[in-house]
Amino acid sequence: MRHILALLIAMFSAQVAAQTQPVATPAAQPAKQWANTQGSYTIKNFKFRSGETLPALKLGYTTLGTPIRDHTGRITNAVMGLHGTGGSGRSLLNPAFADELFGPGAPFDLRTTYVILPDNIGHGNSSKPSDGLRMRFPHYDYDDMVEAQRRLLIEHLGVSHLKLIIGTSMGCMQAFVWGTTHPGFAERLAPFACNTREIAGRNRMWRKMVVDAIRADPLWEGGDYQTQPVQGLRTANYLSILAGGNPVAMQARFSTRELAEKALADGIAQRGSGQDANDIIYQYESSRSYDPYPLLDRVTVPVLWINSADDFINPPELGLAQEDVKRMPRARFILIPASAETKGHGTHTWAKFWKAELVKLLAETAS
C-alpha cells in the first residue's frame, strides 16, 4: 500500500517481529528468482469521473509468467494483483508475498500462471501529480483506477478475463469495485484488509489528518513548494506508523521508552527521500468516493475476504465485514486472530497467514 500505507505499515510491522524473521515489505528487495517484465501503456485523452481529462495517461505495470491461450486466442491464465496506497505493482514482489505464491506448486505457479501487477494512477511508474502538474493533476478516485486497469488489460495486454483479482488494502477496495462494476470479469476475488462501506468514522479521520498535516506545513505553498514540506510529511508518517502497527508486537519488541523512540526514529529514517507531498495528498484523497456496499449483490463469484484482528484501519469491532459478507452469495469472510506474529494492517501482504485459504478459493468452481 514508496508507500504510506502498505510500505511503512508492513515495514514497521516487520520490525516488531522476531529479529530472525526476514524483513519482507514492499520496500524490501524483490526475490531475485522471479523473472519479470516491466512495461507501460499510454491511454490518450483519459476522462476522469471528476470531468477532468488528461491528454496522455501513462500506466506502468509488471508481469510474470507467460500467457496461455485457448483455441479462440483468449488468454486463460491471467491473475491480477493490486497494491496498496502509495505502493506500486512491484511492491508485491517482496518475499513475504512472492516467495509464498510464485514458486512451483504454489497458488500462482509461474509455469502456469500469468501474473499482472499494475501501478495505479498516481503511483509507481504511472502518471502522477509530481510529474509536473502538481495540484492541477486530475482528481482521480478508485473508479478511475479500476477503469484504467481495465483498459490496460483489454487494450494493451489482450486480457478480457481474469482467473482472480487479489488486492491488498487499497487493492482490496479496488477488488470490490471490480466485482460490483464489472461483475464476472474476474472468476474469483481475494480482497485482503478493507471493508465495503464508505470511508468514514476513524478511518476517514486519520486519512484527513495526513492530508491536513501536509497542507498546514508553510512549505507546502498550495502544492507549488520549492522543497518538500518535511514537517507535514513527518506527521503523515507518524500517523501511518500508528495506523499500521501491531500493538502487541510493538509492546513486546519495544518494551522501554528508549527502544520505542529508537524504533520510531529508525522507521522515519528508512522512509528515504523519495516521497512527494502532492502525490500523498492525492493518494489519500482517492478513497473519498469509495462505497461499493449498495451494489454488493452483483458479486456472485467466489470471494475470499480476509481482515486481521490487529488492523487499526479496519477494526474488527465494527462488525462491518461480518455483516456485509452476507450480501454476496459465494463469499467467505475470515478474521485472522491477532498475535505477536501478525503484522497489523500489513498482514495482508504476508501470504503465510492466508495462503491455505487462497488455495481453497482457487479450487472452487468459478461458474
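Refer to the structure presented above.
In this report, we go over the structure that sits alongside the text.

Calculation criteria
Residues numbered from 1 in each chain as written. Predicted model: local features only at pLDDT ≥ 70, side-chain atom pairs only at ≥ 80, totals over all residues. Heavy atoms only, no water. Helix = DSSP H or I, 4+ residues; strand = E, 2+ residues; numbered from the N terminus. Rg over C-alpha atoms; globule rule 2.2 N^0.38 Å. Buried < 20%, exposed > 50% of the residue type's maximum accessible area, 1.4 Å probe, protein only. Areas by Shrake-Rupley, 256 points an atom, 1.4 Å probe, with all protein chains shown as cover. Lys, Arg positive; Asp, Glu negative; His and termini not counted. Charge placed at Lys NZ, Arg CZ, Asp CG, Glu CD. Axes fitted to C-alpha atoms, helices over the stretch in contact; angles between N-to-C directions. Parallel < 35°, antiparallel > 145°, perpendicular 65-115°, else oblique. Contact = heavy atoms within 4.5 Å. Nonpolar A, V, L, I, M, F, W, Y, C, P; charged D, E, K, R; others polar. Salt bridge = Lys/Arg side-chain N within 4 Å of Asp/Glu carboxyl O. Phe/Tyr/Trp six-rings, centres within 6.5 Å; stacked < 30°, edge-to-face > 60°.

## Quick word on the overall build of the chain
Of the regular secondary structure elements, the chain holds 11 helices and 8 strands. For 367 residues, the compact-globule estimate of 2.2 N^0.38 gives 21 Å, and the C-alpha radius of gyration of the chain, at 19 Å, lies within 12% of that figure. Dimensions of the chain along its principal axes, counting C-alpha atoms only, are 60 × 45 × 40 Å. The buried share of the chain, reckoned over its 367 residues, is 56%. Summed over all atoms, the accessible surface of the chain reaches about 14,700 Å², with 53% contributed by carbon and sulfur. In the chain, 38 positive and 34 negative side-chain charges are present, and the distance between their average locations comes to 4 Å.

## What to know about the packing of helix α3 (residues 142-157) against helix α4 (residues 170-181)
At a minimum axis separation of 10 Å, α3 and α4 run at an interaxial angle of 70 degrees. When the axis of α3 is compared with that of α4, the two are roughly perpendicular. Contact residues: α3 offers Tyr142, Asp143, Met145, Val146, Gln149, Arg150 and Leu153, while α4 offers Met170, Met173, Gln174, Val177, Trp178 and Thr181. Residue composition of the contact of α3 with α4, grouped by class: 8 nonpolar, 3 polar and 2 charged.

## Notes on the pattern of salt bridges
Inspection of every chain in the model, using the stated rule, returns 19 salt bridges. With its nearest N and O atoms 2.9 Å apart, the salt bridge here joins Arg49 to Asp141. Of this pair, Arg49 sits in the loop between β1 (37-47) and β2 (53-64) while Asp141 sits in the loop between β4 (114-118) and α3, placing them 92 residues apart in sequence. Close ionic contact of Asp109 with Arg111 constitutes a salt bridge, the shortest N to O distance being 2.6 Å. On the accessibility criterion, Arg111 (63% relative accessible area) is exposed. Salt bridges linked by common partners bring Arg49, Asp141 and Asp143 together as one network.

## Here we look at helix α9 (residues 277-285)
Across the 9 residues of α9, 8 count as buried, placing the element largely inside the fold. Of the residues making up α9, those classed as buried are Ala277, Asn278, Asp279, Ile280, Ile281, Tyr282, Gln283 and Tyr284. Packed against the buried residues of α9 are α5 (201-216) and α6 (230-244).

## Section: the packing of aromatic side chains
In total, this model carries 13 aromatic pairs according to the counting rule given. An angle of 80 degrees between the planes, with centres 6.0 Å apart, marks the rings of Phe137 and Tyr282 as edge-to-face. With Phe137 in the loop between β4 and α3 and Tyr282 in helix α9, the pair connects residues that are 145 residues apart, well separated along the chain. With centroids separated by 4.5 Å and ring planes inclined at 50 degrees, the aromatic side chains of Phe192 and Trp354 adopt a geometry described as tilted. Residue Phe192 is located in strand β6 (residues 189-192), and its partner Trp354 is located in the loop between β8 (331-336) and α11 (355-363); the two are separated by 162 residues in the primary sequence.

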